[in-house]
Amino acid sequence: QVHLVESGGGLAQPGGSLTLSCEASGTIFSIPTMAWYRQAPGKQRDLVAEITSGGRADYADSVKGRFTISRDNAKNTVYLQMNSLKPEDTAIYSCNARIQLRSTLNTYFYWGQGTQVTVSA
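From a predicted model like this one, the values you see are computed outputs, not experimental measurements. (Residues numbered from 1 in each chain as written. Predicted model: local features only at pLDDT ≥ 70, side-chain atom pairs only at ≥ 80, totals over all residues. Heavy atoms only, no water.)

Asker: Explain the sheet that holds strand S3 (residues 18-26) here, please?
Answerer: Across a sheet, paired strands are connected by hydrogen bonds in the backbone, their directions being either parallel or antiparallel. Read from one edge to the other, the open sheet built from four strands follows the order S1-S3-S8-S7, with strand pairing classed as antiparallel. The open sheet has two free edges, formed respectively by strand S1 (2-7) and strand S7 (67-72), since each of these has just one partner strand. Taken pair by pair, the neighbouring strands of this sheet meet at an average axis angle of 15°, ignoring direction. Note that S3 and strand S8 (residues 77-82) share six bridges and pair antiparallel. Each residue of the ladder has a partner; that of glutamate 23, found in S8, is threonine 77. (Pairing = 2+ DSSP bridges. Helix = DSSP H or I, 4+ residues; strand = E, 2+ residues; numbered from the N terminus. Axes fitted to C-alpha atoms, helices over the stretch in contact; angles between N-to-C directions.)

Asker: Explain the nonpolar core to me, please; I cannot follow it from the model alone.
Answerer: Soluble globular proteins tend to bury their nonpolar side chains together. Trp36, Leu80, Met82, Tyr93 and Ile99 are the most contacted members of the largest nonpolar core, which has 31 residues in total. Elements with a minimum of two residues in this core: S1, S3, strand S4 (28-39), strand S5 (46-52), S7, S8, strand S9 (91-101) and strand S11 (115-119). (Core = buried A, V, L, I, M, F, W, Y, C linked by side-chain atoms within 4.5 Å. Buried < 20%, exposed > 50% of the residue type's maximum accessible area, 1.4 Å probe, protein only.)

Asker: Is there a simple way to think about the pattern of salt bridges in this case?
Answerer: Two side chains that carry opposite charge are able to pair once their charged atoms sit near each other. A full pass over the atoms with the stated rule returns three salt bridges. Across the pair arginine 38 and aspartate 89 runs a salt bridge, and its minimum N-O distance is 2.9 Å. Here aspartate 89 lies in the loop between S8 and S9 and arginine 38 lies in strand S4, a separation of 51 residues in the sequence. Residue class for aspartate 89 comes out buried when judged on its relative accessible area of 1%. (Salt bridge = Lys/Arg side-chain N within 4 Å of Asp/Glu carboxyl O.)

Asker: Explain the pairing of S8 here, please?
Answerer: Two faces belong to every sheet, and in a regular strand the side chains alternate between them. Summarising the sheet, S7 and S8 pair through six bridges and their orientation is antiparallel. Residue pairing in the sheet places threonine 68 in a bridge with glutamine 81 of S8. Linking S7 back to S8 in an antiparallel pair, the connection comprises four residues, with asparagine 76 at a positive phi of about 50°.

Asker: Where do I start with the state of the cysteines in this structure?
Answerer: Each disulfide consists of a covalent bond between the sulfur atoms of two cysteine residues. Counted under the stated rule, the structure contains one disulfide. The disulfide partner of cysteine 22 is cysteine 95, and the gap between their sulfur atoms is 2.2 Å. Disulfide cysteine 22 to cysteine 95: torsion about the S-S bond roughly -80°, handedness left-handed. Here cysteine 95 lies in strand S9 and cysteine 22 lies in strand S3, a separation of 73 residues in the sequence. Look at cysteine 95 and you get buried, because its relative accessible area is 0%. (Disulfide = S-S within 2.5 Å.)

Asker: It is not clear to me how unusual backbone geometry should be interpreted in this structure. Could you clarify?
Answerer: For residues that are not glycine, phi is negative in most cases, and the peptide bond is trans in most cases. In this structure, serine 84 is a non-glycine residue whose phi angle is positive, near 50°. Here serine 84 is to be found in the loop between S8 and S9. Owing to a relative accessible area of 40%, serine 84 belongs among the partly exposed residues under this scheme. Backbone geometry places leucine 105, a non-glycine residue, at a positive phi of 65°.

Asker: What is the right way to read the environment of glycine 26 from this model?
Answerer: Topologically, glycine 26 is positioned in strand S3. Of the residues examined, glycine 26 reaches a relative accessible area of 44% and is grouped as partly exposed. For the pair glycine 26 and leucine 101, spaced 75 residues apart in sequence, the C-alpha to C-alpha distance is 8.6 Å. Once you skip the residues sitting within four places of it in the chain, glycine 26 turns out to touch Gln1, Val2 and Arg102. (Contact = heavy atoms within 4.5 Å.)

Pasting the structure below:
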């Protein structure tokens, strides 16, 4: 059994910052990739940023230069530092991880429960 638990969402003013965290727990052998997605009201869920276990990161064009994804492999945790926030960043942010299970060595995708980020004056 694997769980992803997110924290750090909330309300920020335009130009402000927030940091999201997502910790994976359970019978984990490895986590090749971890990512953040977001879904605004009435819109599809989109990839925000993704990072490999080796630290290679990719970003959506809309957040490049403002958001930074990082991870602590020892803690099975991924972070999303969000700076220069804009109202259009308002969305539910969800953590996603591709996890290889210790028991079977099979790989599956898991999702966190989501955390609300609201950017408003």
